[in-house]
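What follows is the residue order along each chain.
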Amino acid sequence: MADQPEKLIACHDCDLLQREVPLNKGCMARCSRCGAVLYRNATDSIDRTLAYALSAAVLFVVANSFPIFAIETQGDQSAINLYGAVLAMWDQEMKPISVVVFLTAIVAPTIELLSMIYLLLPLKLGKIPAGYTLFMRTLQYVEPWGMVEVFMLGILVSLVKLTNNFRVVPGVALWSFGALTLLLAATAASFSARDVWARLGQGIDREVEP
Amino acid sequence: MNRKGLSAARLGLYSCHVCNLVSRPRSMSKQSSCPRCGTELHFRRPSSIARCWAFLIAAYILYIPANVLVMMETGSLISYRKDTIMSGVIHLWNNDNKMIAAIVFIASITIPILKLISLTFLLLSVQRRSRWRPRQRTALYRVVEGVGRWSMLDIYVVTLLAALVQLGNMAVVKAGPAAIAFGAVVVLTMFASMEFDPRLIWDPIQDEESHD
């Protein structure tokens with residue numbers, strides 16, 4: 001977009017109108033009035049985000065398929081996985097809790113990862129994904145509700161509480177959730193909606209000039 | 001502070017809340033949509049203050065049962081106890097799980113209170129068109145928005161424990177009614193902070209500057 005004149009950007013937190021300035025790799029631009037982060041020049045944003053999102057998706061499947069941990073009492077073992085916990089809550093007449101956990105720990109991260117892959121994979125291959133607006137919007141609305149990192153802390157707290165009374169055996173999903181937390185953080189850090197819009201909007205931009 | 005700054009809205013420019021594109025309204029009479037992504041455009045979030053209050057008041061009301069009622073029942077052959085959020089934290093502290101007690105205290109008690117008070121303060125200051133420390137108030141909003149999700153911690157802990165410890169007569173862990181109320185508080189305060197439009201903090205300052 002070298003032929004475009006300086007573009008304008010309005011701060012999402014204070015609405016101050018500012019000119020966009022080109023950034024060095026890895027730098028970020030902050031609003032000159034309120035200090036909000038306006039945009040970043042993330043290194044290879046699309047490539048890296050896609051790589052993180054794909055590996056996160058694989059780990060997410062693993063994390064949901066295997067037991068998180070098991071407890072042993074009198075030789076009996078009972079293990080739990082995430083979906084099993086959701087079902088148990090439903091059966092205990094704690095339906096609202098069951099729904100909230102299901103949405104925040106399973107549905108939201110799934111939608112988030114699938115949307116990212118759906119958007120970034122075609123872009124990486126030089127194509128424009130159909131219906132991208134819907135997915136970009138979904139991504140924005142879903143993002144606050146994916147709470148895998150909070151769930152991970154929940155696992156750790158439960159683990160400590162359980163070790164007071166039981167012998168606890170960690171499961172595969174415990175490690176997967178740990179790694180997933182890191183990968184999702186990396187995905188979020190490398191994703192730049194601005195870069196994606198720039199790629200998607202090439203040719204259809206109708207920017208306002210000063 | 002940037003004294004010469006002008007907001008996009010003051011110049012009659014929309015800023016898309018989905019794709020951030022700045023655009024000029026195409027026709028003044030009709031509802032505008034973003035030329036890049038087609039999202040319906042508004043200068044400010046529509047009825048931001050009213051909606052934020054609605055979620056916030058609902059959260060305040062549910063905050064009472066969330067703290068008074070039983071969050072978790074734990075029983076074994078030798079003991080049986082019903083814990084509220086606070087008594088659960090105290091029990092953890094006394095059982096030498098001080099680290100975990102501190103984490104749960106921050107997530108379940110400090111953060112919800114911080115959110116409720118901060119959002120109330122932000123709403124009141126915006127309604128009174130306060131010009132007091134807009135930068136700090138914006139920063140406060142960012143903290144509230146970023147930290148709120150961590151309150152969900154206790155909900156996850158209760159879910160995992162209750163699901164796991166269902167071994168008949170050996171031990172029982174059950175979620176209490178406070179869990180539902182507390183979950184609702186977390187969700188409602190998240191909605192409240194999403195509805196709040198931080199640009200409203202800056203509008204009185206903007207108006208003052210342009211009258212100079």
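Thresholds applied
Residues numbered from 1 in each chain as written. Chains lettered and ligands numbered in written order. Predicted model: local features only at pLDDT ≥ 70, side-chain atom pairs only at ≥ 80, totals over all residues. Helix = DSSP H or I, 4+ residues; strand = E, 2+ residues; numbered from the N terminus. Buried ≥ 20, exposed ≤ 12 C-beta atoms within 10 Å, placed from the backbone. Contact = placed C-beta atoms within 7 Å. Core = buried A, V, L, I, M, F, W, Y, C linked by C-beta atoms within 7 Å. pLDDT = per-residue confidence, 0-100. Nonpolar A, V, L, I, M, F, W, Y, C, P; charged D, E, K, R; others polar. Pairing = 2+ DSSP bridges. Axes fitted to C-alpha atoms, helices over the stretch in contact; angles between N-to-C directions. Parallel < 35°, antiparallel > 145°, perpendicular 65-115°, else oblique. Left-handed = near helix turned anticlockwise from the far one by under 90°.

A word on the overall build of chain B
Phase 1 of the analysis: In terms of regular secondary structure, chain B is built from seven helices and five strands.
Phase 2 of the analysis: For chain B, the succession of helices and strands along the chain, N to C, is β-β-α-β-β-α-α-α-α-β-α-α.
Phase 3 of the analysis: With respect to the principal axes defined by its C-alpha atoms, chain B has extents near 75 × 35 × 25 Å.
Phase 4 of the analysis: Here chain B holds 212 residues, and 43% of them are scored as buried.
Phase 5 of the analysis: Considering only contacts within chain B whose residues lie at least 6 apart along the sequence, 65% involve residues at least 24 apart.

Some points on the nonpolar core
Phase 1 of the analysis: With 117 residues, the main nonpolar core has Ala56(A), Ala179(B) and Phe182(B) as its most contacted residues.
Phase 2 of the analysis: The biggest single contributor to this core is helix H6 (residues 177-195) of chain B, with 12 residues.

Some details on the confidence of the model for chain B
Phase 1 of the analysis: Overall, the prediction assigns chain B a mean pLDDT of 88, with 92% of residues at 70 or greater.
Phase 2 of the analysis: Mean pLDDT across the secondary structure elements of chain B bottoms out at helix H7 (residues 199-211) of chain B, with 80, and peaks at helix H1 (residues 48-68) of chain B, with 96.

Structural notes on the interface of chain A and chain B
Phase 1 of the analysis: Taken together, the contacts link 52 residues of chain A with 56 residues of chain B.
Phase 2 of the analysis: Listing elements by their share of the side of chain A that touches chain B, those giving two or more residues are strand E1 (8-10), strand E5 (69-73), strand E6 (76-80), helix H2 (82-91), helix H3 (95-124), helix H4 (132-142), helix H5 (148-163) and helix H7 (193-200) of chain A.
Phase 3 of the analysis: When its residues are assigned to classes, the side of chain A that touches chain B shows 29 nonpolar, 15 polar and eight charged.

Let's talk about the sheet that holds strand E4 (residues 80-83) of chain B
Residues and elements named next belong to chain B.
Phase 1 of the analysis: The strand order E4-E3-E5 describes an open sheet built from three strands, whose pairing is antiparallel. Here the strands that pair on one side only, and so sit at the sheet edges, are E4 and strand E5 (171-175). In this sheet, adjacent strand axes meet at a mean angle of 10° when their direction is disregarded.
Phase 2 of the analysis: Two elements, strand E3 (residues 72-76) and E5, share five bridges in a ladder whose sense is antiparallel. If you follow Gly-75 over to E5, its bridge partner there is Val-172.

What to know about the packing of H3(A) against H6(B)
Phase 1 of the analysis: Viewed as axis vectors pointing N to C, H3(A) and H6(B) meet at an angle of 40°, and their least axial separation amounts to 9 Å. Relative to H6(B), H3(A) is oriented oblique. For the pair H3(A) and H6(B), the crossing hand works out as left-handed. For the pair formed by H3(A) and H6(B), the contact residues are Pro96(A), Ile97(A) and Val100(A) on the first element and Ala179(B), Ile180(B), Gly183(B) and Val187(B) on the second.
Phase 2 of the analysis: When the residues that make up the contact of H3(A) with H6(B) are grouped by side-chain class, the tally is six nonpolar, one polar and no charged.

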